[in-house]
Amino acid sequence: MQLKPLKRRKAMAHQQVKFYQTGTLTVGNRLLDAENRTVQGTMDRSNSLDSGHRACQGCGEALGARYAIDTAMRATDNKLIACNATGCLEVFTTPYPETSWTIPWIHSLFGNAAAIGTGVAAAMKVKGREDVRVIAQGGDGGTTDIGFGCLSGMFERNDDVLYICYDNQGYMNTGVQRSSATPGGARTATTMPVGPEPGADFDKGKNVPLIAMAHEIPYVATASIDRLHDLEAKVKKAMSIRGARYIQIFVPCPLGWGSAPAQTVNLARLAVESGIYPLFEGENGEITSTTKIRRKVPVEDYLKPQRRFAHVLKNPAQLSAVQEIADRNIRKFGLLEE
Amino acid sequence: MLKQIEGSHGVAEAVALCRPEVICAYPITPQTHIVEDLGALVKSGKIENCEYINVESEFAALSVGIGSSAAGARTYTATASQGMLFMAEAVYNASGLGLPIVMTVGNRSIGAPINIWNDQSDSMSMRDAGWIQLFVEDNQQAVDMHIQAFKIAEALSLPVMVCMDGFILTHAIEGIDVPDQKQVDKFLPPFVPRQVLDPEDPVSIGAMVGPEAFTEVRYIAHKKQKEALDLIPQINEDFKQIFGRDSGGLISTTNTEDADTVVVTLGSVIGTIEEAIDEQDEKIGALTIRSFRPFPLEQIRSALKDAKRVVVFEKCFAVGIGGIVANNVRMAMSGTNIPVYEVIAGLGGRPITRKSLHKLFKDAVKDNLEDVTFMDLNKDVVDRELEREHKLIQAGSVAENILRDGGVVNAAKTT
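No experiment lies behind these values; they were computed from the predicted model shown.

Counting secondary structure elements, chain B contains 15 helices and 16 strands. Taken over the C-alpha trace, chain B has a radius of gyration of 22 Å; the compact-globule value for 415 residues is 22 Å, and the two agree within 12%. Dimensions of chain B, computed from C-alpha atoms along their principal axes, come out at roughly 70 × 55 × 55 Å. By residue count, 56% of the 415 residues in chain B fall in the buried class.

This is the structure we're talking about:
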């Protein structure tokens, strides 16, 4: 006799995540030798972003920031200063008079995190403290929109700052509005699923990792919170290089995307495995590596768990437009093994 | 040593003597010469141990400065006019975070219509941003006040704007006594930051503050500005001891004790006004405000207590109400029956002439002034434009019409 797995699973909210014992997607360190273990999986990680913060359940940004900053701390022997843009990460980590940051941290404005980073790095240089490294960080709104001028300035001057953009594809802190990183079709508070072309427009938006590469800065990478090893390796590599560096980390947002908190890591993986979010590295303007898709999935698999795309799934034209974007990414970045 | 140099160059040399560690440069007329000269001083090695950063906007200029100051570096930048507005968000942020940045403002008007010439609308637009604002009369004072500004800023952990009239001072060449390094080192100790980003002692700077504490934080900013009312004269005294020059402290006065009419002003125009006073027979005193923020209410009130009338002469105004400085002076004079007239002059670089000042003084001593006077306003041009606007729905651009009426541009289009 057969069970009815679908319904029961749904009712019990089982996660559809395959846990790998080894390799890039592994979650534990059990079978790895010491040097291949993740920073996150070690007892002596710095906990730069400590517990007690006010992020939503299943927040991808909190995970991404924790992974990235702990790795950068390890890479710099704990000599790190972080400069934060206004946004979720800033708000949920520093509700006065508490702070979750165990590292020196400054928040100034929404649009100037990169410039603050430049200033801190300049101060470290004149003080002969170039062993102290600087990270600037923000969400996609603070990076690709309002902070873009300062970001581009920091890039072109090749200032010694690693800028990390936690990309959750919208202004989540202000109540889920569209940013220039919001994908076509997505429902946001300013791109509602109404009218003949529901959701965000398909012909708008910008690819900041590629724009960063056009500045010919020493290092650019995209990463996703579903693969800790890859993410940590990219941050570690970035910290081994001087000059302007940019990492954009894909961080699902349950609140803004209408997804279950337990789906955060899974969604990050499906975005990569469908080709929606290509992972690559670029050095001095050239792409130097891409992460191959293991098991290609149709974009529906990625869209389905997200309410922001509910209307897209019922709209064949929009659905094929999303699939086209994924297919183009696969071609452009060579995401499938030949 | 007395040198015949441009005001901007003098300021650059003064800033250099203060051993700045980070300088953010973005060009905007009329402050540009200052950052240009500083660039050469850093690049040639005359300023040692200093990062000179060519940024992409004024917003970045002050933002980089916020970062460097918060990381413990003595930080300088300069701006003017539209640049001041473009960095406005960072202006408030620098003071809110309590960062002792020194910034020169080469005072210039604000558009539209775009205008590169001098008035004081730019500094005034940021008068309530929490910065200390010091207005200088001449280039010697510009040099001296920059050196004092770092000391004031670092003593209070508050940013300071040194406001100098664009072109009139920034581009004027006159004799300036530029101090030597030993004197400045004696006067200005190395910067010890009140709070600093340091991996050995991690702090979070710029955390969110809710309704439960915001009022108190803002009130302390106000209290600290009030403390500057004692500190500015004190630092001026210290400066006098070492350099032998007096920059005047909060206010300077000339013949205010025995004059019935006192003209109050700020910036370089005091030179013109004092000369015009000397040339005529009316007994008129003058008061110039050096510290506009904090505003020295007591000192002004006390200096003006014996006047029969006060004429506030200013190069800025608040559209929809009138004089900005005048409103502040009225607050100082509240409870007295001394009338305060306001005269708005020199907007967008309009010359302030001897002839107009003499007429103004004559009218003033007879109380023959309106509450608000726009000096040398061309009433015919204004009336004509207003009539045109009342008659025509599509009357066109005010600025262009007025230029055409004034014969400045070709009267191709007639209405």
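Helices and strands together make up the secondary structure of chain A, namely 13 helices and eight strands. Against the globule reference of 20 Å for 338 residues, chain A gives a C-alpha radius of gyration of 20 Å, in line with a compact fold. Overall, chain A is about 70 × 50 × 45 Å in size when its C-alpha atoms are taken along their principal axes. Within chain A, the fraction of its 338 residues that count as buried is 57%. A total accessible area of about 14400 Å² is found for chain A, and carbon and sulfur atoms account for 53% of it. Side-chain charges in chain A split into 40 positive and 34 negative, and the spacing between the mean points of these groups amounts to 7 Å.

A separate point is the sheet that holds strand 7 (residues 160-165) of chain B. All names here are of chain B. The strand order 3-2-4-5-7-6-13 describes an open sheet built from seven strands, whose pairing is mixed. The two strands at the open ends of the sheet, each matched to only one other strand, are strand 3 (51-54) and strand 13 (291-293). The sheet shows a mean angle of 20° between the axes of neighbouring strands, taken without regard to direction. Where strand 6 (residues 132-135) and strand 7 come together, four bridges link them in parallel fashion. The partner of glutamine 133 across the bridge, within strand 7, is methionine 161. Contacts from helix 7 (residues 139-156) reach strand 4 (75-79), strand 5 (102-107), strand 6 and strand 7, with the element oriented near 165° to strand 7.

Looking now at the packing of aromatic side chains. Working definition: an aromatic ring pair is given by the centre-to-centre distance plus the angle between the planes. All names here are of chain A. With the rule as written, the count across this model stands at 15 aromatic pairs over all chains. With a centroid separation of 5.9 Å and an interplanar angle of 15°, the aromatic rings of tryptophan 101 and tryptophan 105 are classed as stacked. With a centroid separation of 6.3 Å and an interplanar angle of 50°, the aromatic rings of tyrosine 302 and phenylalanine 309 are classed as tilted. When its relative accessible area of 2% is taken as the criterion, phenylalanine 309 is described as buried. In this structure an aromatic cluster arises from ring pairing among Phe250, Trp257, Tyr277, Tyr302 and Phe309.

Right, let's talk about the domain arrangement of chain B for a bit. Per the domain assignment, the segments making up chain B are domain 1 (2-243), domain 2 (251-374) and domain 3 (379-415). The C-alpha centroid of domain 3 of chain B is placed 33 Å from the C-alpha centroid of domain 2 of chain B.

Relative to the helices and strands, glycine 72 of chain B resides in the loop between helix 3 (58-70) and strand 4. Measuring from C-alpha to C-alpha, the distance between glycine 72 of chain B and leucine 197 of chain B comes to 7.4 Å, with 125 residues separating the pair along the chain.

Take the interface of chain A and chain B next. Contact residues are listed per partner, giving 39 residues for chain A and 38 residues for chain B. Summed over both partners, the interface of chain A with chain B comes to about 2800 Å²; 64% of that surface belongs to carbon and sulfur atoms. By the criterion of area lost to chain B, the three top residues of chain A are Tyr96, Leu109 and Val126 of chain A, representing 21% of everything that side buries. Our enumeration of links across chain A and chain B arrives at four salt bridges.

Residues and elements named next belong to chain B. Under the defined criterion, the tally for this structure stands at zero disulfides over all chains. With no disulfide of its own, cysteine 24 has cysteine 50 as its nearest cysteine by sulfur position, at a separation of 9.4 Å. Accessibility expressed as a relative area gives 0% for cysteine 24, which makes it buried. On the accessibility criterion, cysteine 50 (9% relative accessible area) is buried.

Time to look at the nonpolar core. In this structure, Tyr246 of chain A together with Val310 and Val329 of chain B are the most contacted members of the largest nonpolar core, which totals 93 residues. Here this core gets ten residues from one element, more than from any other, and that element is helix 4 (residues 113-126) of chain A. The two domains that each donate at least three residues to this core are domain 1 (2-243) and domain 2 (251-374) of chain B. The residues contacting valine 329 of chain B, other than those within four sequence positions of it, are Val264, Ile289, Phe295, Leu304, Val310, Val312 and Val340 of chain B. Formed by 56 residues, the second largest nonpolar core is a distinct cluster that contains Ala72, Ala186, Leu270 and Val272 of chain A.

Calculation criteria
- Residues numbered from 1 in each chain as written.
- Chains lettered and ligands numbered in written order.
- Predicted model: local features only at pLDDT ≥ 70, side-chain atom pairs only at ≥ 80, totals over all residues.
- Heavy atoms only, no water.
- Helix = DSSP H or I, 4+ residues; strand = E, 2+ residues; numbered from the N terminus.
- Rg over C-alpha atoms; globule rule 2.2 N^0.38 Å.
- Buried < 20%, exposed > 50% of the residue type's maximum accessible area, 1.4 Å probe, protein only.
- Areas by Shrake-Rupley, 256 points an atom, 1.4 Å probe, with all protein chains shown as cover.
- Lys, Arg positive; Asp, Glu negative; His and termini not counted.
- Charge placed at Lys NZ, Arg CZ, Asp CG, Glu CD.
- Pairing = 2+ DSSP bridges.
- Axes fitted to C-alpha atoms, helices over the stretch in contact; angles between N-to-C directions.
- Contact = heavy atoms within 4.5 Å.
- Phe/Tyr/Trp six-rings, centres within 6.5 Å; stacked < 30°, edge-to-face > 60°.
- Domains from an automatic or database assignment.
- Buried area = accessible area lost by both parts, 1.4 Å probe.
- Salt bridge = Lys/Arg side-chain N within 4 Å of Asp/Glu carboxyl O.
- Disulfide = S-S within 2.5 Å.
- Core = buried A, V, L, I, M, F, W, Y, C linked by side-chain atoms within 4.5 Å.

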